[in-house]
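Reading the structure
Here are the chains, one letter per residue:
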Amino acid sequence: MATEVNTIGVLTSGGDAPGMNAAIRAVVRQSINKGKKVMGIRRGYAGLLAGEIIEMTSHDVSDTIGKGGTLLQTARCPEFKKEEVVREAAKICAKHGIEGLVVIGGDGSFRGATELAKHGVNTIGVPGTIDLDIGCTEYTIGFDTAVNTAIEAIDKIRDTSTSHERCSIVEVMGRGAGYIALWCGIANGAEDVLLPEAYDYDEQKIVDHIIEGRKKGKQHHIIINAEGIGHSTSMAKRIEAATGIETRATILGYMQRGGSPTAKDRVYASIMGAYAVDLLCEGKSNRVVGYHNGEFVDFDIIEALKMSKGISQQYVDVCLSLNFR
């Protein structure tokens, strides 16, 4: 059991996600409510190494819960994989009196947290990524907002696709995971959904589906393509050549990471941030907060990093069965 902390640091690392500010706000205010000092670390692990550390007050996080991005900013820090760099980071934490650290980010950020824990810094991870690709949790901060942003964009693309009787390929984010694509496929009623976990790379099936739909009077065809498959622009050219139907590709990109977080992302991120502080105040370390079976729980980070999860086959079956046939 690690010792209780008196000063808590908080940072956001890796890709930003809507709801991170709600988590930061919760960490700051829960810490202060428990009589702890709070230090905000700018630009993730890179900022920690650079000593970009400031004391935070309750006022500093006022009116931030509804803002997208992360007020502490974020950055990639590949050098944090080196033992000597982690050792130096631990020394910097000690210099600023940081005994406990809340790390808001993804798997890579958690690996950094577990290395810091080896050097005496109590660490708690909070899952923040729009990709929903962290094995230990059914929810990650930002996913809900990203999906809603993508859904709205795809609805608009369908309008213009119908007007021009086009086929539209819409590429959504998710890295190697297809969660955003799958949810959009169901919510937008897409005709085809291409998931890294399920796609067989047989474009002829898509071509046949488009032609079949056109014969039945279908005026448009929406294909949701996951980032893990990619190549949407070249795919559009091949499909247009094969079908004779005007085909356009739209890559939604980083717009999915921005915007005001949904109620779910605000509430869940707040609970997770507060829970992380509670764990530190109990003297716990090297844990990651998760959401499982309707409850907020925590896991050992090392065990959490070993966990994996797949796309729900039930969701895939529903998506495919409801496609236009």
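Scroll up a little and you will see the structure.
So, here's what we can say about the structure. Keep in mind that what you see is a predicted model, and the values were worked out from it rather than measured.

1. Brief notes about the side chain of T114
As for its placement among the helices and strands, T114 is situated in helix α4 (residues 107–117). Every residue in contact with T114, bar those within four places of it in the chain, is listed here: N286, I301 and I302.

2. A look at the sheet that holds strand β2 (residues 37–41)
The strand order β3-β2-β1-β4-β5-β10-β11 describes an open sheet built from seven strands, whose pairing is mixed. The open sheet is flanked by β3 (53–55) and β11 (295–300), the only strands paired with a single partner. Within the sheet, the average angular offset between the axes of one strand and its neighbour, ignoring direction, is 25°. Taken together, the five bridges between strand β1 (residues 7–12) and strand β4 (residues 100–105) define a ladder with parallel strand orientation.

3. Observations concerning the environment of R42
Along the chain, R42 falls in the loop between β2 and α2 (44–49). Classification of R42 by relative accessible area gives partly exposed; the value is 29%. Sequence separation between R42 and T74 is 32 residues; the distance between their C-alpha atoms is 6.9 Å. When near neighbours in sequence (up to four residues on either side) are disregarded, R42 contacts G47, L48, E52, I54, L71, L72 and Q73.

4. Digging into helix α5 (residues 143–163)
The α-helix winds at 3.6 residues per turn, so residues separated by three or four positions along the chain end up facing the same way. If you check α5, its first and last C-alpha atoms are 31 Å apart, about what 21 residues at 1.5 Å a residue would give, namely 30 Å. At the exit of α5 stands E165, carrying a positive phi of roughly 55°.

5. Some words on the packing of aromatic side chains
A complete count under the given rule lists eight aromatic pairs for this structure. Centre to centre, the rings of Y139 and Y268 are 4.9 Å apart; their planes meet at 70°, and the pair counts as edge-to-face. Linking Y139 in the loop between β5 (122–127) and α5 with Y268 in helix α9 (residues 263–281), this pair joins segments that are 129 residues apart in sequence. Accessibility classification places Y139 together with Y268 in one group, the buried group. Ring geometry for W183 against Y315: centres 6.2 Å apart, planes inclined by 50°, an arrangement best described as tilted. Highlighted residues: W183 in helix α6 (residues 179–187) and Y315 in helix α11 (residues 313–322), separated in sequence by 132 residues. A relative accessible area of 36% means that Y315 is categorised as partly exposed. A cation over a ring is seen here: K309 above Y179, with NZ or CZ 5.3 Å from the ring centre.

Calculation notes
Residues numbered from 1 in each chain as written. Predicted model: local features only at pLDDT ≥ 70, side-chain atom pairs only at ≥ 80, totals over all residues. Heavy atoms only, no water. Helix = DSSP H or I, 4+ residues; strand = E, 2+ residues; numbered from the N terminus. Contact = heavy atoms within 4.5 Å. Pairing = 2+ DSSP bridges. Axes fitted to C-alpha atoms, helices over the stretch in contact; angles between N-to-C directions. Buried < 20%, exposed > 50% of the residue type's maximum accessible area, 1.4 Å probe, protein only. Expected span 1.5 Å × (residues − 1). Phe/Tyr/Trp six-rings, centres within 6.5 Å; stacked < 30°, edge-to-face > 60°. Lys NZ or Arg CZ within 6 Å of the ring centre and 35° of its normal.

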